[in-house]
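Below are the chains, spelled out letter by letter.
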Amino acid sequence: MTVHLEVAEGVGTIRLDRPPMNALDVATQDRLRELAGEATRRDDVRAVVVYGGEKVFAAGADIKEMQAMDHAAMVARSRDLQDSFSAVARIPKPVVAAVTGYALGGGCELALCADYRIAGDNAKLGQPEILLGLIPGAGGTQRLARLIGPSKAKDLIFTGRMVRADEALSLGLVDRVVPAADVYTEAHAWAAKLAQGPAIALRAAKESIDAGLETDLETGLAIERNWFAGLFATEDREIGMRSFVDEGPGKAKFR
C-alpha cells in the first residue's frame, strides 16, 4: 500500500509511502480517500497527522501516468481526484500536515487540506502546474486563494515558482517552521494535545469555520449559533463547565 494509517495516543497518522518522491498516482489518491474515511469513522482517532516521511512530503502527481491520459480520461477522473483530497479536508477532527522537503503540485494541495501546517526548514512548496500547461486540479486554485488571498495565490500559480519555508511562513502558506528533524514530533504533539480535547466541540468549531467561510456572515452566524446551542446537550460541556467552576480553567478531562 502507498498510504498507511497508524494510530497512537488518539492520533491517526496518514503516512504517504511511495518512494522516492511520494508521487500521487491514481492508486495513492484512492487509498488516501479510503484512509481519510477510516480516520473519520474511528473513535480511537481524535486528531490526524498527514506525513510524507523524513525526506519529502509529496512532489506532486505522477506525471508519466497523467501524460498517458487524454481529455476524456481526465474528465472521468478529475472528480475522483478532487474527492480524494476533499476527503482529507472534511475529516471532522483536527488535521495537521507535517511537511518536509518538497510539497509541490498535488503535494501542496494535500497540505492545504489540513487545518494547520508545520513545515521543516528544508521545505519547498509550490504549484508548478502552469509549467506543464495546466492549472492545479486538486483544489489548489480554491484552497490556496482562500488561505493566502487571491493575489498571492495568483503569483504562485501563474509563475509556478517554489517557495522555501521562510517565505511560505510569511505568506501564511504554513503556520510554523521547525528544524526538519523535528517536524513529525512537533506535528504529533500538536495533534495529541487536541486529541485530549472535547471531540464534539472541536468538530463544531471546525465545521463552523469551514462552512462559514463558504457563505455570508449572517448564514455563518446561524451555523455557529446552532452548533453553540447544540453543545449544551453534550457531556463534555457539563465536564468542562463543572471543572472550570470547581478547579479553574484548563483542567477538564474530557471523555
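Rules behind the numbers
- Residues numbered from 1 in each chain as written.
- Predicted model: local features only at pLDDT ≥ 70, side-chain atom pairs only at ≥ 80, totals over all residues.
- Heavy atoms only, no water.
- Helix = DSSP H or I, 4+ residues; strand = E, 2+ residues; numbered from the N terminus.
- Buried < 20%, exposed > 50% of the residue type's maximum accessible area, 1.4 Å probe, protein only.
- Contact = heavy atoms within 4.5 Å.
- Core = buried A, V, L, I, M, F, W, Y, C linked by side-chain atoms within 4.5 Å.
- Polar contact = N/O pair within 3.5 Å; in protein donor to acceptor, adjacent residues only side chain to side chain.
- Lys, Arg positive; Asp, Glu negative; His and termini not counted.
- Salt bridge = Lys/Arg side-chain N within 4 Å of Asp/Glu carboxyl O.
- Phe/Tyr/Trp six-rings, centres within 6.5 Å; stacked < 30°, edge-to-face > 60°.
- Pairing = 2+ DSSP bridges.
- Axes fitted to C-alpha atoms, helices over the stretch in contact; angles between N-to-C directions.
- Parallel < 35°, antiparallel > 145°, perpendicular 65-115°, else oblique.
- Nonpolar A, V, L, I, M, F, W, Y, C, P; charged D, E, K, R; others polar.
- Left-handed = near helix turned anticlockwise from the far one by under 90°.

(A) Looking closely at the overall build of the protein chain. Of regular secondary structure, the protein chain possesses 11 helices and nine strands. With the principal axes as the frame, the protein chain shows a C-alpha extent of 60 × 40 × 35 Å. When each of the 255 residues of the protein chain is scored for burial, the buried share is 44%. For the protein chain, restricting intrachain contacts to residue pairs at least 6 apart in sequence, the fraction spanning at least 24 positions comes to 69%.

(B) Region of the structure containing the nonpolar core. Membership of the largest hydrophobic core comes to 45 residues, with the highest contact counts inside it found for Phe57, Leu125 and Leu173. Here this core takes five residues from helix α3 (residues 71-89), the largest share from any one element. Those residues in contact with Leu125 that sit more than four places away from it in its chain are Ala103, Leu104, Cys108, Arg161, Met162, Val163, Ala168, Leu173 and Val174.

(C) Inspection of the environment of Asp216 at higher detail. Here Asp216 is to be found in the loop between α9 (199-213) and α10 (217-230). Within polar-contact distance, the side chain of Asp216 engages the side chain of Thr215 at 3.3 Å.

(D) Focus on the side chain of Asp236. For Asp236, the location among the structural elements is in helix α11 (residues 235-247). Lacking a salt bridge, the buried Asp236 has Arg46 as its closest oppositely charged neighbour, with an N-O distance of 5.2 Å. Once residues lying within four places of it in the same chain are set aside, the contact partners of Asp236 are Pro198, Ala199, Phe254 and Arg255.

(E) Structural view of the packing of aromatic side chains. Counted according to the given criterion, the structure contains three aromatic pairs. Ring geometry for Tyr51 versus Tyr184: centroids 4.7 Å apart, planes at 35°, classification tilted. Of this pair, Tyr51 sits in strand β3 (residues 47-51) while Tyr184 sits in helix α8 (residues 183-195); the two residues are 133 residues apart in sequence, bridging distant segments of the chain. For Tyr51, a relative accessible area of 11% translates into the label buried. On the basis of an interplanar angle of 75° and a centroid distance of 5.6 Å, the ring pair of Phe228 and Phe232 is categorised as edge-to-face.

(F) Summary view of the environment of Ala8. Among the structural elements, Ala8 can be located in strand β1 (residues 3-8). Classification of Ala8 by relative accessible area gives partly exposed; the value is 39%. With 232 residues separating them along the chain, Ala8 and Gly240 place their C-alpha atoms 25 Å apart.

(G) Here's a closer look at the sheet that holds strand β6 (residues 116-120). Pairing in this open sheet of six strands is mixed, and the strands run β1-β2-β3-β4-β6-β9 from one edge to the other. Either end of the sheet is taken by a strand with one partner, and the two such strands are β1 and β9 (176-178). Neighbour-to-neighbour, the strand axes of the sheet open up by a mean angle of 20°, direction not taken into account. When strand β2 (residues 11-16) meets β3, the two strands line up parallel, connected through five bridges. Directly across from Arg15, in β3, lies its bridge partner Tyr51.

(H) Inspection of the packing of α9 against α10 at higher detail. At a minimum axis separation of 9 Å, α9 and α10 run at an interaxial angle of 170°. Relative to α10, α9 is oriented roughly antiparallel. Contact residues: α9 offers Ile200, Arg203, Ala204, Glu207, Ser208, Ala211 and Gly212, while α10 offers Gly220, Ile223, Glu224 and Trp227. Across the contact of α9 with α10, the residue classes tally to five nonpolar, three polar and three charged.

(I) Region of interest: the sheet that holds strand β5 (residues 102-104). Reading across the sheet, the three strands line up as β5-β7-β8 and stay open at both edges, with mixed pairing between neighbours. Whereas interior strands pair on both sides, the edge strands pair on one side only; in this sheet they are β5 and β8 (162-164). Geometrically, the sheet is characterised by an average inter-axis angle of 20° between neighbouring strands, direction not taken into account. Strand direction decides the pairing type here: strand β7 (residues 124-126) and β8, joined by three bridges, are antiparallel. Residue pairing across strands places Gly126 opposite Met162, the latter belonging to β8.

(J) Main features of the packing of helix α5 (residues 140-148) against helix α6 (residues 150-159). Following both chains from N to C, one finds α5 and α6 inclined at 135°, their axes separated by 7 Å at the closest point. When the interaxial angle is binned, α5 and α6 end up oblique. Here α5 runs over α6; the crossing is right-handed. In this structure, α5 uses Gly140, Thr141, Leu144, Ala145 and Ile148 to contact α6, whose residues at the interface are Pro150, Lys152, Ala153, Leu156 and Ile157.

None of this, on its own, says anything about what the molecule does.
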